[in-house]
Amino acid sequence: AGASAAALPDSVSAKRIGALGELYVFTWLRQLVEGFGFDNWCSSCRGAHPEAPPPSADVDRWGCDFCFRDTAGLFCRDREVLLEVKTMRFQGDPAAVRATDFSCRLSSNELAVMREAGESDREYYVMLWVAVGDNLQCRVVAILLQPHLLIP
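Since we're looking at a predicted model, the values are computed, not measured.

A. Just the packing of aromatic side chains, in detail. Counting across every chain of the model gives nine aromatic pairs. The interplanar angle of 45° and the centroid separation of 5.9 Å between the aromatic rings of F36 and F66 together place this pair among those described as tilted. In this pair, F36 sits in the loop between α1 (10–32) and β1 (66–69) while F66 sits in strand β1, placing the two residues 30 residues apart along the sequence. No difference in accessibility class separates F36 from F66, as the two residues are buried.

Written out as structure tokens, the structure is:
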């Protein structure tokens, strides 16, 4: 019998939940953004997809999980969107999760990239909060546009 998620070390479990959130967002963006593919997934979690090419060793240096040109205006027309996914595990149905239930940590690299994008005329930073509930159901809880403006 395999180990349950509760038996895994916290860092392994968190990495798996993070990869699931990114996989969910990848599938979502692939439907919404023309030409979106594995080249737009700039995170080590890309390896969670069975068809994805292996990520490069320094892939996490980007400070975001996805990067694409927003030609359709999904988030900000004609800018390079840097999109970070933060995923959190919840008991029950993720449809019941509210943004106030969510908490996450930012790396210093993510924060620096977020601030730089906020001051850029070419880039636009987006953070998605994804809840993972029972049966690994996923739901986007919040879409934060230029979230550096929320940090005092």
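Now, onward.
B. Region of the structure containing the environment of C76. With respect to the helices and strands, C76 occurs in the loop between β1 and β2 (80–89). C-alpha of C76 to C-alpha of Y125: the two residues are 49 residues apart in sequence and 9.4 Å apart in space. Ignoring sequence-local partners within four residues, the contact set of C76 consists of D70 and Y124.

C. The nonpolar core, seen in detail. One finds V25, L29, F66, F68, F75 and L83 to be the most contacted residues of the largest nonpolar core, which totals 23 residues. At the level of elements, α1, β1, β2, β3 (123–132) and β4 (138–145) are the ones that each hand at least two residues to this core. If one sorts the elements of this core by residue count, β3 sits on top with five residues. In this structure, F68 is in contact with L29, V33, F36, N40, F75, R79, E80, V81 and L83, ignoring residues within four places of it in sequence. Judged by nonpolar contacts, the second largest core, of 18 residues, contains F90, V97, V113 and M127.

Cut-off values and rules
- In every chain, residue numbers begin from 1 and rise along the written sequence.
- Per-residue local features of the predicted model are confined to residues with pLDDT of at least 70, and side-chain atom pairs are confined, for both listing and counting, to 80 or more; whole-chain, interface and lining totals are unaffected and use all residues.
- Note that the side-chain values use all heavy atoms of the structure and ignore hydrogens as well as water.
- Each Phe, Tyr or Trp ring, with Trp reduced to its six-membered ring, pairs with another whose centre is within 6.5 Å; inter-plane angles below 30 degrees give stacked pairs, above 60 give edge-to-face pairs, and intermediate values give tilted ones.
- Counting from the N terminus, the helices are DSSP H or I runs at least four residues long and the strands are E runs at least two residues long.
- Partly exposed describes any residue whose relative accessible area lies between the buried limit of under 20% and the exposed limit of over 50%, with all areas from a 1.4 Å probe on protein chains only and scaled to the type maximum.
- It only takes one pair of heavy atoms within 4.5 Å for two residues to be counted as in contact.
- For our purposes a nonpolar core is just a set of buried Ala, Val, Leu, Ile, Met, Phe, Trp, Tyr and Cys residues, chained together by side-chain atoms within 4.5 Å.

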